[in-house]
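Understanding the architecture of this molecule
Next come the chains, spelled out residue by residue.
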Amino acid sequence: MIRIASPIALTAAFTGLVAIASVGHAQGEASDPEVKARMALMKKIGSQTKILGDMAKGDTAFDATAAQEAATTMAAAAGEIPALFEPQATDPESEAKPIIWEQWSDFTQKAIDLETAATSASTTITDQASLGPAMREIGGACRACHETYRESD
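Residues numbered from 1 in each chain as written. Predicted model: local features only at pLDDT ≥ 70, side-chain atom pairs only at ≥ 80, totals over all residues. Heavy atoms only, no water.

Before going further, it helps to spend a moment on the packing of aromatic side chains. A full pass over the atoms with the stated rule returns 3 aromatic pairs. Between the aromatic rings of Trp-104 and Phe-107, the centroid separation amounts to 5.7 Å while the plane-to-plane angle is 35°, which identifies the pairing as tilted. With Trp-104 and Phe-107 both in helix 5 (residues 104-124), this residue pair falls 3 residues apart, about one helical turn. What makes Trp-104 partly exposed here is its relative accessible area of 25%. For Phe-107, a relative accessible area of 3% puts it in the buried group. (Phe/Tyr/Trp six-rings, centres within 6.5 Å; stacked < 30°, edge-to-face > 60°. Helix = DSSP H or I, 4+ residues; strand = E, 2+ residues; numbered from the N terminus. Buried < 20%, exposed > 50% of the residue type's maximum accessible area, 1.4 Å probe, protein only.)

Spelled out as structure tokens, the structure:
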């Protein structure tokens with residue numbers, strides 16, 4: 001049996017997820033082009049998370065097609081993470097920790113986990129009720145990576 005959390009708990013969880021995803025927007029501009037590309041990719045993922053989060057919180061009307069498109073875009077972006085992080089570029093504006101390159105296999109697996117969660121969401125989000133479980137999977141994948149590989153504020 002699938003247990004659905006209360007609307008208040010879901011709203012709190014999605015608000016936290018959107019906040020995590022959009023923190024990068026407050027940063028300055030990186031000077032290293034490779035770091036700029038990574039930051040742009042993470043902002044893209046964050047914007048797709050916001051689309052889903054706004055629907056989950058009821059800030060925007062649920063739209064299955066838009067939700068599936070956001071998840072598809074997120075999955076494609078997640079698939080680009082390893083290639084963009086492969087160069088060991090650093091920049092003072094980046095929140096990427098150097099441990100990424102020391103634990104490369106784990107880091108890339110976490111990117112794959114996000115891609116998998118978002119790909120699944122792109123087909124399983126069919127109504128408002130299916131959005132919560134999909135967002136929990138996506139949020140868990142984001143958090144797992146951010147906890148280890150991203151500088152906290």
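Once you've had a look at it, read on.
At a closest axis distance of 9 Å, the pairing of helix 5 and helix 6 (residues 128-149) adopts a crossing angle of 170°. When the interaxial angle is binned, helix 5 and helix 6 end up roughly antiparallel. Read as a crossing pair, helix 5 and helix 6 show a hand that is left-handed. Seen from helix 5, the contacting residues are Asp-106, Phe-107, Lys-110, Asp-113, Leu-114, Ala-117, Ala-118, Ala-121 and Thr-124; seen from helix 6, they are Ser-130, Ala-134, Glu-137, Ile-138, Ala-141, Cys-142, Ala-144, Cys-145 and Tyr-149. (Axes fitted to C-alpha atoms, helices over the stretch in contact; angles between N-to-C directions. Parallel < 35°, antiparallel > 145°, perpendicular 65-115°, else oblique. Left-handed = near helix turned anticlockwise from the far one by under 90°. Contact = heavy atoms within 4.5 Å.)

It is worth spelling out the confidence of the model for the chain at this point. Low-pLDDT stretches of the model should not have their predicted coordinates read in fine detail. Across the chain, the average pLDDT comes to 86, with 81% of residues at 70 or higher. Here residues 1-16 is a poorly scored stretch, pLDDT under 50, and it has 12 contacts once near neighbours within four places are set aside; other chains count. Considering only residues more than four positions removed or in separate chains, one finds that residues 18-26, a stretch of pLDDT under 50, has 14 contacts. (pLDDT = per-residue confidence, 0-100.)

Turning to the pattern of salt bridges, a few remarks are in order. In the structure shown here, the tally under the stated rule is 5 salt bridges. Here Lys-57 ties to Asp-54 by a salt bridge, and the two come within 3.9 Å at their closest N and O atoms. With Lys-57 and Asp-54 both in helix 2 (residues 33-57) and 3 residues apart, this pair spans about one turn of that helix. Taking relative accessible area as the criterion, Lys-57 reaches 25% and is therefore assigned partly exposed. Here Asp-106 makes a salt bridge to Lys-110, at a shortest N to O gap of 3.2 Å. Taken together, the residues Asp-106 and Lys-110, both in helix 5 and 4 residues apart, mark about one turn of the helix. Under the relative-accessibility criterion, Asp-106 is labelled partly exposed at 32%. Judged by relative accessible area, Lys-110 falls into the buried class, the value being 16%. One connected set of salt bridges, linked through shared partners, spans Lys-50, Asp-54, Lys-57 and Asp-59. (Salt bridge = Lys/Arg side-chain N within 4 Å of Asp/Glu carboxyl O.)

Before going further, it helps to examine the packing of helix 2 against helix 3 (residues 64-85). Their axes nearest at 9 Å, the elements helix 2 and helix 3 cross at an angle of 155°. Classified by the interaxial angle, the pair formed by helix 2 and helix 3 is roughly antiparallel. Viewed along their axes, helix 2 and helix 3 form a crossing whose handedness is left-handed. Here helix 2 contributes Ala-37, Arg-38, Leu-41, Met-42, Lys-44, Ile-45, Gln-48, Thr-49, Ile-51, Leu-52 and Met-55 to the contact with helix 3, which in turn contributes Ala-66, Ala-67, Ala-70, Thr-73, Met-74, Ala-77, Ala-78, Glu-80, Ile-81, Leu-84 and Phe-85. Residue composition of the contact of helix 2 with helix 3, by class: 16 nonpolar, 3 polar and 3 charged. (Nonpolar A, V, L, I, M, F, W, Y, C, P; charged D, E, K, R; others polar.)

As for its position among the elements, Thr-72 is in helix 3. Distance in space between the C-alpha atoms of Thr-72 and Ala-121 is 8.0 Å, their sequence separation being 49 residues.

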